[in-house]
Amino acid sequence: MITHLKKLIYGFLLFFSTQTTYAQLGFSHEIGAFVGAVAFQSDFGVRHNFDTNSGNTGIALGVVHYLNFAYRSDCNCYTTDTYFNDHFKLRSEISWNKTSLEHFGEWVDDDRTSENADKLRAHTGEAQNLDIGMQLEYFPRSIRAFSAGAYSFAPFAAAGVHYVSFNPSVETSYGDGNILNNNNFYNGWDQVSDGDPFVSDESGSTWSVVASVGTRYKLTLLSDLFVELRWQYYFDDFIDGLNHKMPSNKAKDWNLWLNFGYIYYID
């Protein structure tokens, strides 16, 4: 885990040096923070099941930095009026999310009395991730006009890439409680595993892609509120500590974020 944190710190320093370079070019800056909820879509529970989607939810926190291409900090003036400058911002972010996980759905219903049902009920986990990344935000309406207070709402869409340090936990209260003992987990996972591990509490790192839609609300001349709905897809299937090979496991882990935040224009 320490190695992955070091990589994230190096990445942050690279971001910081990049922002310093941009600052020398005269772009202006915005900083902010957000809090939100995440719905984790993993190998726990039954996909497209309401109880799974509502039960396997967690929290998210983050800090953000924006490069505003529409305004120059070195002269307190607008930049050249181009479509890109007036409709795009570059967002850098460091964020954290954590979700407690358990199995929901038909296989653990109260009327299920099999050994496998007991094993699923006893199996719990936690996904905990630290992100650092960038995304490009597109504003269909003029950034200049919104900054000047011409209208209150500025909807946006965004896409980007995040580097993720993940640190899952795995627990079971079945049998001897040892997560290295395959007999303590659902039998079908072991039968199709080909000897590969299907549960793991080892930390790691991976990349992910993110896509968002949301809107800003002009609070004051120098501050905004924002809300966004974000989809994030990981390029690793052990984010939740579970990666079985059964046919139901058709996709890697992903989640949905609903974030609420505050942004301040610093120059």
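Here the structure is shown first, and the text comes after it.
Each chain carries its own residue numbering, running from 1 in the direction its sequence is written. Reporting of local features is limited, given that this is a predicted model, to residues whose pLDDT is at least 70; pairs of side-chain atoms are given and counted only at 80 or more, and all residues count toward the totals for whole chains, interfaces and linings. Excluding hydrogens and water, the side-chain figures rest on all heavy atoms present in the structure.

Attention shifts here to the pairing of strand β6 (residues 153–166). Note on pairing: DSSP must find at least two bridges between two strands before they are called paired. Under the scheme used here, helices are H or I runs from DSSP no shorter than 4 residues and strands are E runs no shorter than 2 residues, and both carry numbers assigned from the N terminus. Bridging between strand β5 (residues 123–138) and β6 involves ten bridges; their strand directions are antiparallel. The partner of L130 across the bridge, within β6, is S165. Of the strand pairs in this sheet, β6 and strand β8 (residues 204–220) are connected by 14 bridges, and their pairing is antiparallel. By the bridge assignment for β8, S165 is matched with S205.

Glancing now at the pattern of salt bridges. Here, a salt bridge means any side-chain nitrogen of Lys or Arg that lies within 4 Å of a carboxyl oxygen of Asp or Glu. The tally for this structure, following the rule as stated, stands at 15 salt bridges. Across the pair E137 and R91 runs a salt bridge, and its minimum N-O distance is 3.1 Å. Residue E137 is located in strand β5, and its partner R91 is located in strand β4 (residues 88–102); the two are separated by 46 residues in the primary sequence. Here E137 matches R91 in class, with each residue buried. For every residue, the accessible area (1.4 Å probe, protein chains only) is compared with the maximum for its type, and the residue is labelled buried under 20%, exposed over 50%, or partly exposed between those bounds.

On the surface, D51, D109, D110 and D111 cluster together into a patch of negative charge. Among the secondary structure elements, D111 is positioned in the loop between β4 and α4 (115–122). Two distance rules govern patches: like charges are joined within 9 Å, and nonpolar side chains (Val, Leu, Ile, Met, Phe, Trp, Tyr) within 5 Å, applied only to residues with over 30% relative accessible area and no salt bridge. All accessibility values rest on the Shrake-Rupley procedure with a 1.4 Å probe; residue burial counts only the protein chains present in the view. Think of it this way: Lys and Arg go in the positive column, Asp and Glu in the negative one, and His and the chain ends go nowhere. Think of each charge as sitting on NZ of Lys, CZ of Arg, CG of Asp or CD of Glu.

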